[in-house]
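Notes for the structure review
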Amino acid sequence: MFVLLISFVPVFLQAQSNQINHKINIGIPEVALLGLVSEDENHVTLNVSAPDEAGNSIDFSTARPDNRIWINYSSINQNLQHSRKINAVIHGEIPAGVRLFVEASQATGRGKGKLGKPVGKVELSNQPAEVISDIGSCYTGKGISNGHLLAYILEADNSDSGITDLAQHQTSLQVVYTLTDHH
C-alpha cells in the first residue's frame, strides 16, 4: 500500500515591495522685467497749434502723440502679499508754462496673472510718479497690443505765471519707467 503523504506546509507568498525614490527640487526665480514697445519709432512728438485768430490761446488739444507706446512686463513676486508698481520720472526740463501727463490704459492682450491697475492721469516731473499699481505675479504678453497703452497729454499751466512763462520752445525729454517693489 502506498501512502501518499502530502504535507501541507503553509507557504506564504509575499509580494516583493521594492521602492526607490529621489528628491526633486523646484526653483521659481523672482522676476521683474519691464519693456516699452512702439508701433513706429521709440519716441513721441507732441506739437501744439498756434491760434488762428487774434485773442485766442494756443491750442493744446492738438498735441496728440504721433506714436503709440505699449508697456510690457513680467513679474514673479516673492510671496502672495507682495506687489509691485511702475513709476515714471522725467529726465530733462519740461518747458515753463506747460504740464505733461501720462495715463496708462487697462491691460489688454495675451497676458495672464495679476496684472497691474492703471492709476489714472498722472503728472510727470523729475520726481517718481506711480503710473501702474498692484502688480502681482503675471505677464502682459509681448509686443504691441499687449500690456498697457501709454497716452501722453500736454496741457497749459493756466495760472497767470504759467501763461507768462510760455515762450517759443522745442525740447526733448526722456520718460524713464521703473518696475519696483510696492512699499
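Residues numbered from 1 in each chain as written. Predicted model: local features only at pLDDT ≥ 70, side-chain atom pairs only at ≥ 80, totals over all residues. Heavy atoms only, no water.

1. With respect to the nonpolar core
Keep this limit in mind: The set of buried Ala, Val, Leu, Ile, Met, Phe, Trp, Tyr and Cys residues whose side-chain atoms join them within 4.5 Å is what this entry labels a nonpolar core. Each residue is placed in one exposure class: buried if its accessible area under a 1.4 Å probe, protein chains only, is under 20% of its type's maximum, exposed if it is over 50%, and partly exposed if it falls in between. Helix and strand assignments follow DSSP, with helices taken as H or I runs no shorter than four residues and strands as E runs no shorter than two, numbered in order from the N terminus. Contacts are residue-level and defined by heavy atoms, with any inter-residue pair within 4.5 Å sufficient.
Formed by 23 residues in total, the largest nonpolar core has its most connected members in Ile86, Ile132, Leu150 and Tyr177. Listed by contribution, the elements that provide at least two residues to this core are strand E2 (69-76), strand E3 (84-91), strand E4 (98-104), strand E8 (129-135), strand E10 (148-156) and strand E11 (174-181). Those residues in contact with Tyr177 that sit more than four places away from it in its chain are Leu34, Leu36, Ile71, Ile86, Asn87, Ala88, Val102, Val131, Leu150 and Tyr152.

2. Side note on the sheet that holds E8
Here is the rule we go by: Strand pairing is defined by DSSP finding a minimum of two bridges between the two strands.
Pairing within the open sheet is antiparallel, and its four strands lie in the order E6-E8-E3-E11. Where the open sheet ends on each side, the last strands, each with one partner, are strand E6 (117-118) and E11. The pairing of E3 with E11 spans eight bridges and is antiparallel. Paired with Arg84 across the two strands is Asp181, which belongs to E11.

3. Side note on the pattern of salt bridges
Rules: Every case where a carboxyl oxygen of Asp or Glu lies within 4 Å of a side-chain nitrogen of Lys or Arg is listed as a salt bridge.
Enumeration according to the criterion identifies seven salt bridges in this entry. A salt bridge links Arg84 to Glu30, with the shortest nitrogen-to-oxygen separation between them at 2.7 Å. Pair noted here: Arg84 is in strand E3 and Glu30 is in the segment before strand E1 (31-38), with a separation of 54 residues, a long-range link. Glu155 serves as the salt-bridge partner of Lys121, at 2.4 Å between the closest nitrogen and oxygen.

4. Examining the pairing of E3
With seven of eight residues buried, E3 is to be regarded as a mostly interior element. In this structure, E3 lies alongside E8, joined through four bridges in antiparallel fashion. By the bridge assignment for E8, Ala88 is matched with Ala129.

5. Some remarks on a nonpolar patch on the surface
Just so we agree on the cut-off: Two distance rules govern patches: like charges are joined within 9 Å, and nonpolar side chains (Val, Leu, Ile, Met, Phe, Trp, Tyr) within 5 Å, applied only to residues with over 30% relative accessible area and no salt bridge. Using a 1.4 Å probe, accessible areas were evaluated by the Shrake-Rupley method; residue-level cover was limited to the displayed protein chains.
A cluster of nonpolar residues, Ile24, Ile26 and Ile28, forms a patch on the protein surface that exposes about 400 Å² of accessible area. Within the secondary structure layout, Ile28 lies in the segment before E1. Ile28 gets classed as exposed once you look at its relative accessible area, which sits at 67%.

6. Observations concerning unusual backbone geometry
Its identity as a non-glycine residue notwithstanding, Asp134 has a phi of 60°, on the positive side. Within the element layout of this structure, Asp134 appears in strand E8. Judged by relative accessible area, Asp134 falls into the partly exposed class, the value being 25%. A positive phi angle is found at Ser145, which is not glycine, with a value near 70°. Judged by relative accessible area, Ser145 falls into the partly exposed class, the value being 41%.

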